[in-house]
Amino acid sequence: MRRDPSCIFCKIAAGEIPAKKIFEDDEILAFHDIHPAAPVHFLMIPKDHLPSLADADESDAPVLGRLLALAGRLAREQGSADGFRTIVNTGRVGRQDVYHLHIHILGGPSPLPRMIAKE
Ligand code: AMP
Ligand code: ZN
């Protein structure tokens, strides 16, 4: 398991800083986004420190597949019964802020704005 000692999501995965966790197993963690942009907004991460989707290769396919495969169940459990939006901000151009790969899951009871733009 790779780990970056300065990475906030590695610290959350290790239980060193708190998060509102909604799912955890040996390789995946899901927790609420601290600044929710929708009624349901949580993040899904591999516990392994992979900085971004641009750094992924085919060896990462199993955990990336598991993350996507789990998203629907967790979204329903969190109150997004009729769909959700999946966002992976990647690198400078994608305006990624935290360099530990994470999938945003956004949803809620009503349709979201067509796009959520960051300022
Ligand atoms: P981005 O890297 O641009 O996809 O955004 C990082 C996301 O992580 C933002 O939506 C932040 O609100 C969220 N975030 C940053 N720190 C924490 C934290 N300690 N707990 C939960 N979410 C966080
Ligand atoms: Zn990390």
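Residues numbered from 1 in each chain as written. Chains lettered and ligands numbered in written order. Predicted model: local features only at pLDDT ≥ 70, side-chain atom pairs only at ≥ 80, totals over all residues. Heavy atoms only, no water.

A few words now on the overall build of the protein chain. What the protein chain contains, in helices and strands, is 2 helices and 5 strands. Along the protein chain, from the amino end to the carboxyl end, the secondary structure elements read α-β-β-β-α-β-β. Principal-axis analysis of the C-alpha atoms gives the protein chain an extent of 40 × 30 × 30 Å. Buried residues in the protein chain amount to 41% of all 119 residues. Long-range contacts, defined here as pairs at least 24 residues apart, represent 55% of the contacts in the protein chain between residues at least 6 apart. A distance of 6 Å separates the average location of the 14 positive side-chain charges in the protein chain from that of its 16 negative side-chain charges. (Helix = DSSP H or I, 4+ residues; strand = E, 2+ residues; numbered from the N terminus. Buried < 20%, exposed > 50% of the residue type's maximum accessible area, 1.4 Å probe, protein only. Contact = heavy atoms within 4.5 Å. Lys, Arg positive; Asp, Glu negative; His and termini not counted. Charge placed at Lys NZ, Arg CZ, Asp CG, Glu CD.)

If you trace the 5 strands from one edge of the open sheet to the other, you get 1-2-3-5-4, paired in antiparallel fashion. Every interior strand has two partners, whereas the edge strands, strand 1 (21-24) and strand 4 (85-87), have only one. Neighbour-to-neighbour, the strand axes of the sheet open up by a mean angle of 20°, direction not taken into account. By the bridge criterion, 5 bridges tie strand 3 (residues 40-46) to strand 5 (residues 103-107) in an arrangement that is antiparallel. Residue pairing for strand 5: Val40 is matched across the bridge by Gly107. Contacting strand 1, strand 2 (28-32), strand 3, strand 4 and strand 5, helix 2 (residues 61-77) crosses the sheet at an angle of about 155° to strand 3. (Pairing = 2+ DSSP bridges. Axes fitted to C-alpha atoms, helices over the stretch in contact; angles between N-to-C directions.)

All right, on to the coordination of the zinc ion (ligand 2) then. Here the zinc ion (ligand 2) is held by the protein donor atoms Cys7 (SG), Cys10 (SG), His49 (ND1) and His100 (ND1), which lie 2.0 to 2.3 Å from it. One chain supplies every donor to the zinc ion (ligand 2), and in sequence these donors are spaced C-x2-C-x38-H-x50-H. (Donors = N, O, S within 2.8 Å, 3.2 Å for Na, K, Ca; no water.)

Most of strand 2 is tucked away: 4 of the 5 residues are buried. With 3 bridges connecting them, strand 1 and strand 2 associate as antiparallel partners. Within the sheet, the bridge partner assigned to Lys21 lies in strand 2 and is Phe31. In textbook terms, the turn of a hairpin is the stretch between consecutive antiparallel strands, and for strand 1 and strand 2 this stretch comprises 3 residues. Relative to strand 3, strand 2 is paired through 5 bridges, and the arrangement is antiparallel. Looking across to strand 3, one finds that His32 is bridged to Phe42.

Turning next to the packing of aromatic side chains. Given two aromatic rings, one states the distance between the centres and the angle between the planes to describe the pair. Going through the model one piece at a time under the given rule, you end up with 1 aromatic pair. Here the aromatic rings of Phe9 and Phe31 are separated by 5.3 Å at their centres, their planes lie at 80°, and the arrangement is edge-to-face. Of this pair, Phe9 sits in helix 1 (residues 8-13) while Phe31 sits in strand 2, and the two are 22 residues apart along the sequence. Assigned by exposure class, Phe9 and Phe31 land together as buried. (Phe/Tyr/Trp six-rings, centres within 6.5 Å; stacked < 30°, edge-to-face > 60°.)

With 18 residues, the main nonpolar core has Ala30, Phe42, Met44, Leu74 and Ile105 as its most contacted residues. Those elements that place two or more of their residues in this core are strand 1, strand 2, strand 3, helix 2 and strand 5. Sort the elements by how many residues they give to this core and helix 2 lands first, with 7 residues. Excluding residues that lie within four positions of it along the chain, Met44 makes contacts with Leu29, Ala30, Leu67, Leu70, Ala71, Leu74, Leu101, His102, Ile103 and Ile105. (Core = buried A, V, L, I, M, F, W, Y, C linked by side-chain atoms within 4.5 Å.)

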